[in-house]
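# Examination of the molecular architecture
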Amino acid sequence: MLENIVSAAIVSSFSRKLLDNLQVDVAIVGAGPSGLVAAKELADKGRKVAIFERKLAPGGGVWGGGMLFNEVVIQEEAKSILDEFHVHSREIEEAKGYYAVDSVELASGLIFGAVQAGAKLFNSVSVEDVVFSNDRIGGLVINWTPVERLQMHVDPLVVLSKYVLDGTGHPCEVLNLVQRKARVKLDTPTGEILGEKPMQAATGEITTVENTREYYPGVFASGMSANNVMGGYRMGPIFGGMLRSGKRAAELIDAALGK
Ligand code: 48F
């Protein structure tokens, strides 16, 4: 029966994918722009990468553009990353060096690029905890998002990783978990999450990239998560900093992984 062939193929194919990714080089939390760029760059370098995304649709805050006008802006410095993902852009007449990008094309292009490069994306999966051993984060505790949302009493599964990337955006959820549950000090001036500052786009775009680094052994942060943990400014619907942060995260994690 065809019905049985289809169901069996889905169950065995998904099971194989999950089994193959219970131990990875890099576990990325959040399939927003920074996480997706990091995933592609790391997969391109031959690293084993899995991305865990709470929502059904990956892409984070890209889809909605600015106030649901489905366009975003990126600047010259990030244009080469758009080109790598084969995403079109149009230079803005009145603002040379800035490019308008269709947010739907950008979100779908980033997702397609990351998955085509070999990163495995698990959507509707929420990270609810971290694995903590020998003063280091060594993996993620995951569960289905509907289980999380319905607060069902269901135990999670565990994915081990050499490094975790917190790409969870504004809430920096992984580092919050590390701080709250492992009760350790993060590598910030106070040892804690400093908290995001208000809108100051030009500064925020720079600090998002500068703040992309390791904050506790085994955990890096990218994008708005990096900005939140180090008390950076927000920047709204300009995305060059997010893309460049993903690239920087990949370079730093690749270097940390070594040969
Ligand atoms: O917020 P998000 O797009 O992350 P980003 O890469 O980019 C930020 C921009 O979109 C925008 C901005 C630009 O100026 O300010 O906000 O920093 O994507 C983060 C993703 O992480 C998922 C969440 O659903 C979103 O898609 N996420 C958050 N917490 C978890 C998670 C979690 N605990 N488990 C799994 N996914």
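To start, this report covers the structure provided alongside it. Only a predicted model underlies this, so the values are computations on that prediction, with no experimental measurement involved.

The next thing to look at is the packing of helix 2 (residues 33-44) against helix 4 (residues 103-117). The geometry of helix 2 relative to helix 4 is characterised by a closest axis approach of 8 Å and an angle of 25° between their N-to-C directions. When the axes of helix 2 and helix 4 are compared, the pair comes out roughly parallel. The way helix 2 lies across helix 4 gives a crossing that is left-handed. Residues Pro33, Leu36, Val37, Ala39, Lys40, Ala43 and Asp44 of helix 2 pack against Leu110, Ile111, Gly113, Ala114 and Ala117 of helix 4. The class makeup of the residues in the contact of helix 2 with helix 4 is 9 nonpolar, 1 polar and 2 charged.

On to the sheet that holds strand 5 (residues 98-102), then. The strand order 3-5-4 describes an open sheet built from 3 strands, whose pairing is antiparallel. This sheet does not close on itself; its edge strands, each paired only once, are strand 3 (71-75) and strand 4 (90-91). Of the strand pairs in this sheet, strand 3 and strand 5 are connected by 5 bridges, and their pairing is antiparallel. Across the sheet, Ile74 pairs through a bridge with Tyr99, a residue of strand 5. Sitting on the sheet, helix 4 touches strand 3 and strand 5, and the angle it makes with strand 5 is about 80°.

Analysis parameters
Counting restarts for each chain, with residues numbered from 1 along the sequence as it is written. Owing to the predicted nature of the model, reporting of local features is limited to residues with pLDDT of at least 70; listing and counting of side-chain atom pairs is limited to 80 or more, with chain, interface and lining totals taken over all residues. The side-chain numbers reported here are obtained from all heavy atoms of the structure, hydrogens and water having been left aside. Note on method: axes are straight lines fitted to C-alpha atoms, helices fitted across the in-contact stretch only, with angles between N-to-C directions ranging 0 to 180 degrees. Runs of H or I in DSSP of at least four residues are treated as helices and runs of E of at least two as strands, each being numbered from the N terminus. Here is the rule for angles: anything less than 35 degrees is roughly parallel, anything more than 145 is roughly antiparallel, 65 through 115 is roughly perpendicular, and the remaining ranges are oblique. Crossings are classed by handedness, with left-handed meaning an anticlockwise turn of the near helix from the far one by less than a right angle and right-handed meaning a clockwise turn. Only heavy atoms matter for contacts: two residues are in contact if any of them lie within 4.5 Å across the pair. Ten residue types, Ala, Val, Leu, Ile, Met, Phe, Trp, Tyr, Cys and Pro, are classed as nonpolar, four, Asp, Glu, Lys and Arg, as charged, and the remainder, Gly among them, as polar. The rule for pairing is simple: two strands pair if DSSP sees at least two bridges between them.

What is shown is where atoms sit, not what they do.
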